[in-house]
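Summary of structural features
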Amino acid sequence: MIKLGHGNLRIPKFEKPVYMVAAGQTDFRKKYPEKTTEELCVEAFSMAALENDLKVSLSELKRMINFCVYSQFADHFGDQLLGASKIHDALGFDPLGNIEVKTGGATGGHSVLAGALAVASGYANCVPVVGWERMDEVPTRQGNAYIASAACKNFESELGWMYTAYYALMAQRYQYEHKVPRETLAKIAVKNHGYAVSSPFSQNPMRITVEDVLENNLVSDPLSFLECCVMSTGAAVLILADEETAYTITDQPIRLTAICSGTHTLRTADRRPMEVLRLPHEPEDLYKNYQHDWPGFSSFLAARMAAYLAYHMAGIKNPVEDLDILETHDAFTISDIQTYEDIGLRPYGRGREFIDSGEGYYGGKLPANLSGGLIGSMHAVGATGIFQINEIFWQLQQKWAKFHADPKMWERYGKTKPADFENLQVKNARRGAAISHAGTGSHVTMAILEKV
Amino acid sequence: MSIELTHPGCELLSGQPMVIKNVKNYFHIHTYGGLSPFFVGLREGRLLGTRCGNASCEEQRIFLPPRTHCPDCLSPSVWVEAPTVGEIYTHTEILYPGAGFKLTTPCPLISVSLEGVCTKMMSYLKEGQPRIGMKIKAVFNTEHPTHTILDLAWVPA
């Protein structure tokens, strides 16, 4: 039985404040044969260095860097071990020290965590975090088998070679326990495909209806194709710095007030029931009469742990009130509902209210996945957690329009800015959060960014 | 003597950008190690789980999938017979599996709840339509074993 001790719940702290100074990324495509992985990473880093109104040149910025973090989910996909070394070389960072981080779907989030640890400790004062995934070398079915290699090879992978099936098991149990209507799940797919329409970076923009989702072919009952994340190729880069370095680089640094990590068993099967870990805003008796196993198959302990630590670390008293913008890891519609509860947007069993109330939409209290998320925009796995934080960063800098609304951004990727483009800049956004998530909840990070 | 190619090379898929098809064909030698008794058990029509070998450990329920060591106290586990009758905790029907799936589709996948077992292993329902709470019993593919977890399945009890 998991019984958390005092030491286990110690709130993390940074010795020095950590800032984000720049963001860059490619567009994301199902297939990207025009560019090598190294080219994609150089393109993303160049955007970070050249297009974020920095006070230093690209060359000056490069000379300020003293440690690098690389983020790639699976060597299988790129068919290149030590790919990070080629990218480090392509970016001209040799002989600086570097590490590559691997925590499945949460690799991006954990890479940012690794970069933050380096800056917060004083080990380094300027750290690029570079993420990518090249998922276009194999057919989609083989890609799904590769991803399912991140399930237990002895007891699970053979049962589907498909993560959608593992989430579908959770979805059926969640629906049994909490009676969430299929329509609510479908709304999340409609929302995120819809927001992707206003992003030049997105791979799967769509104007669809709830009926389209409900009539769509199932991958694994109850999840349809439109409710699953895309498989992408592309790269994303962000740059972290300590306070002095950050203000040398930019007049608009965004503070990373927290980034915290939680984990749980790789096999959903192994999750023994325990007492609900309560978030700062949840009253003591909230789950006194909770009738279901927790976390069971309906909740992610890893996400709850990450949120518990991050909220305490960043001083978040109530996420819906205190946060202005959110990016979740919407790999599947069901995992999004589960996550709303894990991070305390609603109590367990009531996650649907976050969508049904309109709170999670643009114009609502806490708009979620305005980037289009993993369902609408991208899931180039190693880049994903970085892409999410980039989108929050530009929102907090009030620069979302610069990177999404300019017709030239669309032309850059061979696209035309759509007639039904919507300006999704959240006015006066001060604080945002991003969730990076692996497996069926094996690793989760929550990052909280705040305008200075 | 000149050096010659021993391989036909890669197929050219596109000239600009130049894209090639690099075919791979290899195998892995995989060991079940200390978990071997479980897979040997499947060949004998037995469902084996593990229990913590430390009598003072708070967790005395069966783990299935088995574990060589107790995750709580790290004591070596002991092998025990697990119940072969239980119920469906949750289910799905997989229509589009990934490459390498060895069963026919659509295939009902299930998670199994067993009395005295603290975990809910993933498996598949060989016959019938699954529903949560449905009583099921284990069946074993002992005739033409795959030597994988697919040798265990469940049918309505």
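To keep things clear, this report deals only with the structure shown in the data block.

Once that is clear, we can look at the overall build of chain B. Within chain B, the regular secondary structure consists of one helix and nine strands. Along chain B, helices (α) and strands (β) appear in the sequence β-β-α-β-β-β-β-β-β-β when read from the amino end. The C-alpha atoms of chain B give 22 Å as radius of gyration, which overshoots the globular expectation for 157 residues (15 Å, by more than 25%). Within the span of chain B, comprising 157 residues, buried residues form 40% of the whole. Across chain B, every contact between residues at least 6 apart in sequence was considered, and the portion connecting residues at least 24 apart equals 51%. Of the roughly 9,000 Å² of accessible surface on chain B, 55% is carried by carbon and sulfur atoms. Here chain B contributes 13 positive and 13 negative side-chain charges, whose respective centroids are spaced 2 Å apart.

This paragraph deals with the environment of Gly296 of chain A. Relative to the assigned elements, Gly296 of chain A resides in the loop between strand S8 (254-263) and helix H11 (301-314). With 24 residues separating them along the chain, Gly296 of chain A and Arg272 of chain A place their C-alpha atoms 7.1 Å apart. Among residues more than four places away in sequence, those in contact with Gly296 of chain A are Arg271 of chain A together with Tyr89 of chain B.

To continue, consider the pattern of salt bridges. Taken as a whole and judged by the stated rule, the model has 36 salt bridges over all chains. One salt bridge connects Glu422 of chain A with Arg207 of chain A, and the closest N-O pair in it is separated by 3.7 Å. Taken together, the positions of Glu422 of chain A in the loop between helix H18 (407-412) and strand S10 (431-437) and Arg207 of chain A in the loop between helix H8 (182-196) and helix H9 (210-215) put the pair 215 residues apart, joining distant regions of the chain. Between Glu282 of chain A and Arg304 of chain A there is a salt bridge, and its shortest N-O distance comes to 2.5 Å. One end of the pair, Glu282 of chain A, is in the loop between S8 and H11; the other, Arg304 of chain A, is in helix H11, with 22 residues separating them in the sequence. The exposure class of Arg304 of chain A is buried, given its relative accessible area of 0%. Within the structure, one salt-bridge network assembled from shared partners comprises Arg272 of chain A together with Glu59, Arg61 and Asp72 of chain B.

With 46 residues of chain B at the interface, the matching set in chain A holds 39 residues. Between chain B and chain A lies a buried interface of about 3,700 Å² when both sides are counted; carbon and sulfur atoms form 58% of it. Contact with chain A buries area across many residues of chain B, yet Tyr89, Tyr96 and Met122 of chain B alone supply 18% of it, more than any other trio. At the junction of chain B with chain A, the criterion picks out seven salt bridges. Measuring nitrogen to oxygen at the nearest pair gives 3.7 Å for the salt bridge that ties Asp293 of chain A to Lys120 of chain B. Along the contact surface separating chain B from chain A lie 23 residue pairs in polar contact (both at pLDDT 80 or more). At the level of secondary structure, the elements contributing two or more residues to the side of chain B that touches chain A comprise helix H1 (36-43), strand S5 (85-94), strand S6 (107-113) and strand S7 (122-124) of chain B. Residue contributions to the side of chain B that touches chain A peak at six residues, all from S5 of chain B.

All names here are of chain B. Tallied over the full model, the rule gives zero disulfides over all chains. Between Cys73, a free cysteine, and Cys52, which holds the nearest cysteine sulfur, the sulfur-to-sulfur gap is 3.5 Å. Given a relative accessible area of 29%, Cys73 falls into the partly exposed group.

Let us now look at H8 of chain A. Residues and elements named next belong to chain A. Given a rise of 1.5 Å per residue, 15 residues ought to cover 21 Å, and the 22 Å separating the end C-alpha atoms of H8 matches this to within 8%. For H8, the buried fraction is high: twelve of the 15 residues fall into the buried class. For H8, the full list of buried residues reads Arg182, Thr184, Leu185, Ala186, Ile188, Ala189, Lys191, Asn192, His193, Gly194, Tyr195 and Ala196.

Now for a negative patch on the surface. Residues and elements named next belong to chain A. On the surface, Glu183, Glu211, Asp212 and Glu215 cluster together into a negatively charged patch. The element that contributes the greatest number of residues to the negative patch is H9, accounting for three residues. Within the secondary structure, Glu183 sits in helix H8.

With that settled, consider the nonpolar core. Formed by 161 residues in total, the largest nonpolar core has its most connected members in Leu240, Met446 and Ile448 of chain A together with Trp154 of chain B. Excluding its chain neighbours within four sequence positions, the residues that come into contact with Ile448 of chain A are Arg255, Leu256, Thr257, Ala258, Ala310, Tyr311, Ala314, Ile316, Leu323, Arg431, Gly432 and Ala433 of chain A. Counting 29 residues, the second-largest nonpolar core is a separate cluster that includes Ala49, Leu61, Val130 and Ala235 of chain A.

For the rest of this paragraph, the subject is a nonpolar patch on the surface. Nonpolar side chains collect at one region of the surface, where Phe225 of chain A together with Leu95 and Tyr96 of chain B lie side by side and expose about 260 Å² of accessible area between them. Along the polypeptide, Tyr96 of chain B turns up in the loop between S5 and S6.

Right, let's get into the pairing of strand S2 (residues 68-71) of chain A. Residues and elements named next belong to chain A. The side-chain alternation of S2 yields two buried faces, one formed by Cys68 and Tyr70 and the other by Val69 and Ser71. Bridge analysis of S2 against strand S3 (residues 98-101) gives four bridges, and the strand direction is parallel. If you follow Tyr70 over to S3, its bridge partner there is Glu100. For S2 and strand S4 (residues 126-134), the ladder comprises three bridges, and the chain directions are parallel. Looking at the pairing, Val69 lines up with Val129 of S4.

Next up on the list: the layout of surface pockets. Residue and element names in this part refer to chain A. Counted as a void, the second largest pocket has a volume near 920 Å³. As for the second largest pocket, its lining consists of 45 residues, and the residues nearest its centre are Asn144, Ile147, Cys229, Val230 and Met231. At the level of elements, helix H3 (75-78), helix H6 (140-148) and helix H7 (163-178) are the ones that each hand at least two residues to the lining of the second largest pocket. Per-element tally for the lining of the second largest pocket: the top contributor is H6, with five residues.

Take the sheet that holds S3 of chain A next. Sheets are built from strands that pair by backbone hydrogen bonding, the pairs being arranged parallel or antiparallel. Residues and elements named next belong to chain A. The sheet built from nine strands is open, its strands ordered S3-S2-S4-S7-S1-S8-S11-S10-S9 with mixed pairing. Every interior strand has two partners, whereas the edge strands, S3 and strand S9 (325-327), have only one. Taking the axes of each pair of neighbouring strands and ignoring which way they run, one obtains an average angle of 25° across the sheet. Packing of helix H1 (residues 37-50) onto the sheet brings it into contact with strand S1 (18-25), S4 and strand S7 (233-241), and relative to S7 it is tilted by some 40°.

Let's shift gears to the packing of helix H5 (residues 107-121) of chain A against helix H16 (residues 381-396) of chain A. Helix-helix packing is described using two parameters, namely the angle between the two axes and the distance between the axes. All names here are of chain A. Two elements in contact, H5 and H16, have axes separated by 5 Å at closest approach and are oriented at 65°. Between H5 and H16, the angle falls in the class roughly perpendicular. Taken together, the residues of H16 that come into contact with H5 (itself represented by Gly108, Gly109 and Val112) are Gly382, Gly385, Ile386 and Ile389. Looking at the contact of H5 with H16, its residues break down into three nonpolar, four polar and no charged.

What counts, and where the lines are drawn
- Residues numbered from 1 in each chain as written.
- Chains lettered and ligands numbered in written order.
- Predicted model: local features only at pLDDT ≥ 70, side-chain atom pairs only at ≥ 80, totals over all residues.
- Heavy atoms only, no water.
- Helix = DSSP H or I, 4+ residues; strand = E, 2+ residues; numbered from the N terminus.
- Rg over C-alpha atoms; globule rule 2.2 N^0.38 Å.
- Buried < 20%, exposed > 50% of the residue type's maximum accessible area, 1.4 Å probe, protein only.
- Contact = heavy atoms within 4.5 Å.
- Areas by Shrake-Rupley, 256 points an atom, 1.4 Å probe, with all protein chains shown as cover.
- Lys, Arg positive; Asp, Glu negative; His and termini not counted.
- Charge placed at Lys NZ, Arg CZ, Asp CG, Glu CD.
- Salt bridge = Lys/Arg side-chain N within 4 Å of Asp/Glu carboxyl O.
- Buried area = accessible area lost by both parts, 1.4 Å probe.
- Polar contact = N/O pair within 3.5 Å; in protein donor to acceptor, adjacent residues only side chain to side chain.
- Disulfide = S-S within 2.5 Å.
- Expected span 1.5 Å × (residues − 1).
- Patch = residues over 30% accessible without salt bridge, like charges linked within 9 Å, V, L, I, M, F, W, Y side chains within 5 Å.
- Core = buried A, V, L, I, M, F, W, Y, C linked by side-chain atoms within 4.5 Å.
- Pairing = 2+ DSSP bridges.
- 1 Å grid on protein atoms, 1.4 Å probe; cavity = no way out; pocket = protein on both sides within 12 Å on 5 of 7 lines; lining within 4 Å.
- Points joined across faces, edges and corners; volume = space filled by probe spheres on them.
- Axes fitted to C-alpha atoms, helices over the stretch in contact; angles between N-to-C directions.
- Parallel < 35°, antiparallel > 145°, perpendicular 65-115°, else oblique.
- Nonpolar A, V, L, I, M, F, W, Y, C, P; charged D, E, K, R; others polar.

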